[in-house]
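Geometric and topological summary
Residues per chain, in single letters:
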Amino acid sequence: MLTQNLGYPRIGSQRELKKVCENYWAGKTAYSNVLQVGKNIRHENWQIQKDAGIDLIPSNDFSFYDHVLDHSLMFSAIPQRYYDVIHSKGNTELDLYFAMARGYQKDGLDITAMEMTKWFDTNYHYIVPEFYKDQQFKLFNTKIIDEFYEAKQLGIITKPVLIGPITYLLLGKEKQIGFDKIDLIKNLLPVYVDILKKLQDLKAEWIQFDEPFLALDLDEKTQQVYRDTYKYLRKTFPQLKFVLSTYFDRLGNNTELATSLPVDALHIDLVRSPQQLNEVITHLHADTILSLGLVDGRNIWKNDFEASLAIIKKVKEKLGDERVWIAPSCSLIHSPCDLKNETNETVLIPEIKQWLAFAKQKVSEIVTLKHLAGENSGVSHQYQLAENQYANITRRNSTLIHNPAVKDRLSKITKADASRLNTFPVRKQLQQRLLNLPLFATTTIGSFPQTKEVRSWRAQLKKGDITEAEYNKLIEEETQKAVKWQEKIDLDVLVHGEFERNDMVEYFGEQLAGFTFTANGWVQSYGTRCVKPPIIYGDISRPEAMTVKWSAYAQSLTDKWMKGMLTGPVTILQWSFVRNDQPRSETCTQIALAIRDEVVDLETAGIKIIQIDEPAIREGLPLRKQDWAAYLDWAVKAFRISASGVQDDTQIHTHMCYSEFNDIIQNIADMDADVITIETSRSQMELLDVFADFKYPNEIGPGVYDIHSPRVPNSAEMVDLLKKAKAVIPDQQLWVNPDCGLKTRGWDETKRALIEMVSAAKEMRAAVTETIS
Ligand code: GLN
Ligand code: ZN
């Protein structure tokens, strides 16, 4: 029995990679320093895994920005527009690489970055490979070989990790018409052969091919390409040993395919899909090793050794000791680095800390499991087992986790709790009577610029440099300025600006029972951007109102309508580490009830327009279509529970950005928000078509300008977009707003853009009045 790891966090336990890269971009540190920091991180990671006793330690899992981009560069899949960067004097290969990741504005060049998108259903974003007709590939650099060699010099024979050729192609995007990216396999395979040859020459033994697409729905053609590809690689390299790794979902109807591929070991994710085990074993070829993904690579809980050992024992009985490996469910890049860095007991209380394992601890868990499952585990292993059992038992029974009142309330949810009193047409009349808003009503998505100053106040409060009263005063003044300014430019529905919020999930997590936080639990989101997701450890409840004070204060400053601003239950769930002792749907429903109470309290305080943001609802979709309905069912219901405690004349908004609505438009309609605001400007209103074709019944605010760019559009441009919207959606249903919140923008551009936006709305209204008279 061996242990393997599939990938280790590469940001460095103190986020060294982030710091050095950002300094390099700012011209504050030398190229050689960047390389050195990368090297240090790799060495430290390998050493940690070696010391822990991992048998197969990965290499080529390190990346300066993104491992998919590493492959694109390695394969020379470099879009033409970057050629000028290569030829620009003094540029290194790393400069080219960062240009592809981030764009390039220098030396009179202005080159856009490559697109970025979510890595399966995680919050990690990869750089999408661009494929062109007749795309050729050749070996551009030897990163994977160099890193193997580098580890070998340290006395560690690693297992180089490659994104499997089919997954690599499927991750990419065709940038021209007239070809199918999967057909590029014949051009791509020679590069794999080249790489494998070089690794073989250096005496590599095991190669890991990541093929997570085997856990997704595949068409016939792709299945055949899988068969042909691995057959070919096997034939070309009879000596090398291949481990094929799948994760994030079950093999399902690809079980026969995956087990038929001629590889030496197959890795499956048993955290996501424990139920696939028997079927996989039934199909497994007699000489294939099964790698059991038992330690959760995507969450922060300690493994349950007893449960894992039971599985290992069962598999060992069926396959024999030699054919069983123990592993994390997926790469550990989705886990924070090291629990040892959590020393602040006011941030993460010790009782909860003892239930957790980060990457470094997970690596040890894997090795301990191997010893415990072996014939002669020593006293220290038995001690670790006892410790693990103790942690899991105290967690299960902890009074911190269980709140009978919450469970009781959950069990009493009725259908009526998830429905507004009346249907939308009835509500619309009542809302119109009360709110008296014009056609093409204008609003924003919630946040106004979180300037350096605003963030510095929060930092000062944290450090104790200013008192809470002083902090509140500063926020009040900032809110007041924002409200007065919105009044002045004649926006119809105002917002308070969210100056008091650090982050749209953390802010609520901090005020809800059942949440805790880490001081250093950073996880890479993309490039140098890391996030520190809150941890949901227990039943969720709302000890007191969370936003009423600020919304009511803002409303008291104006006679216009002030929109309350909340984050929805699905988004809070999606962007947190969640408990694994109950279904996600249950945790989500608990959050929904807490948000519902907040909505009702806002209404009681006179806030009659309330927005519940759900930007993450689409990204929560399961990887396999078959599972969508079940997810959408509970996710939509959770939103409805949060929104349905109010009177008919209270207007509920929701907001979703970065969304493709095509497949889920019915479910979006089922959420039954009175108004939905979406991102549409970058696609020139194309994203709106699905709402039009569906005849979306409620009101809708298609974003009229892109807040991700500092560029200020003029009112004529926005009028053009609004005319496009008007052509497909009736006037009575249309709102006018930006694509998303403005927290990342500066005040200057925000002001100029919103003034243009209000003027565009007025022009639209005037045009309607003209046609009527
Ligand atoms: N209300 C939030 C804001 O304006 C919404 C952010 C989001 O959708 N990502 O910042
Ligand atoms: Zn948004």
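Data block above holds the structure.
Residues numbered from 1 in each chain as written. Chains lettered and ligands numbered in written order. Predicted model: local features only at pLDDT ≥ 70, side-chain atom pairs only at ≥ 80, totals over all residues. Heavy atoms only, no water.

Right, let's get into the coordination of the zinc ion (ligand 2). With distances of 2.0 to 2.2 Å, the protein atoms coordinating the zinc ion (ligand 2) are His655 (NE2), Cys657 (SG) and Cys740 (SG). Viewed at the metal, the four donor atoms of the zinc ion (ligand 2) are separated by angles of 92 to 122°, and the geometry they form is tetrahedral. Each donor residue of the zinc ion (ligand 2) lies on the same chain, and together they follow the pattern H-x1-C-x82-C. Taken as a pair, His655 in strand 23 (residues 651-656) and Cys740 in the loop between strand 26 (735-736) and helix 28 (747-772) lie far apart in primary sequence, 85 residues in all. The pair His655 / Cys740 is uniform in exposure class, with both members buried. (Donors = N, O, S within 2.8 Å, 3.2 Å for Na, K, Ca; no water. Tetrahedral: all angles 85-135°; square planar, octahedral: opposite > 155°, others 65-115°. Helix = DSSP H or I, 4+ residues; strand = E, 2+ residues; numbered from the N terminus. Buried < 20%, exposed > 50% of the residue type's maximum accessible area, 1.4 Å probe, protein only.)

In this section: the pairing of strand 18 (residues 523-526). The pairing of strand 18 with strand 19 (residues 529-531) spans three bridges and is classified as antiparallel. Its bridge partner being in strand 19, Gln524 is matched across the sheet by Cys530. (Pairing = 2+ DSSP bridges.)

Close to ligand 1 lie 13 residues; Ser447, Glu498, Asp613, His655 and Lys743 are nearest. One nitrogen or oxygen atom from the side chain of Asp613 is found 2.6 Å from a nitrogen atom belonging to ligand 1. Between an oxygen atom of ligand 1 and a side-chain N or O atom of Lys743, the distance comes to 3.0 Å. For ligand 1, whose free accessible area comes to 300 Å², the fraction covered by protein is 95%. Class assignment of the residues belonging to the shell around ligand 1 gives a composition of six nonpolar, four polar and three charged. (Near = heavy atom within 4 Å. Polar contact = N/O pair within 3.5 Å; in protein donor to acceptor, adjacent residues only side chain to side chain. Areas by Shrake-Rupley, 256 points an atom, 1.4 Å probe, with all protein chains shown as cover. Nonpolar A, V, L, I, M, F, W, Y, C, P; charged D, E, K, R; others polar.)

A complete count under the given rule lists 26 aromatic pairs for this structure. Centre to centre, the rings of Tyr226 and Tyr230 are 6.4 Å apart; their planes meet at 15°, and the pair counts as stacked. Here Tyr226 pairs with Tyr230, and both are found in helix 9 (residues 220-236), just four residues apart, close to one helical turn. Each member of the pair, Tyr226 as well as Tyr230, carries the same accessibility label: buried. Taken together through their ring pairs, the aromatic side chains of Trp119, Phe120, Tyr126, Phe213, Tyr247 and Phe248 make up a single cluster. (Phe/Tyr/Trp six-rings, centres within 6.5 Å; stacked < 30°, edge-to-face > 60°.)

The strands making up a sheet associate through backbone hydrogen bonding, with each pair oriented either parallel or antiparallel. Judged by pairing direction, the sheet is parallel, and its six strands sit side by side in the order 16-21-22-23-24-25 without closing on themselves. The two strands at the open ends of the sheet, each matched to only one other strand, are strand 16 (493-494) and strand 25 (699-702). Relative to strand 23, strand 22 (residues 609-613) runs parallel, the two being bridged by five bridges. Bridge pairing links Gln611 to His653 in strand 23.

Attention now moves to helix 17 (residues 424-435). For helix 17, built from twelve residues, the straight-helix expectation of 16 Å at 1.5 Å per residue is met to within 8% by its first-to-last C-alpha distance of 15 Å. Taken together, the buried positions of helix 17 are Phe424, Arg427, Gln431 and Leu435. One face of helix 17 carries all of its buried residues, which in axial projection span an arc of 60°. Turned more than 90 degrees from where helix 17 packs its buried face, Pro425, Gln429 and Arg433 sit exposed. Check the buried side of helix 17 and you find it contacts strand 21 (561-567), strand 22, strand 23 and strand 25. One or two positions beyond helix 17, positive phi appears at Asn436, with a value near 50°. (Expected span 1.5 Å × (residues − 1). Arc of directions from axis to C-beta. Contact = heavy atoms within 4.5 Å.)

Reading across the sheet, the eight strands line up as 1-14-13-12-11-10-8-2 and stay open at both edges, with parallel pairing between neighbours. With one partner strand each, in any of the chains shown, strand 1 (2-3) and strand 2 (58-59) form the two edges of the open sheet. Of the pairings in the sheet, the one linking strand 12 (residues 265-269) to strand 13 (residues 289-295) comprises five bridges and is parallel in character. Residue pairing across strands places Asp269 opposite Gly293, the latter belonging to strand 13.

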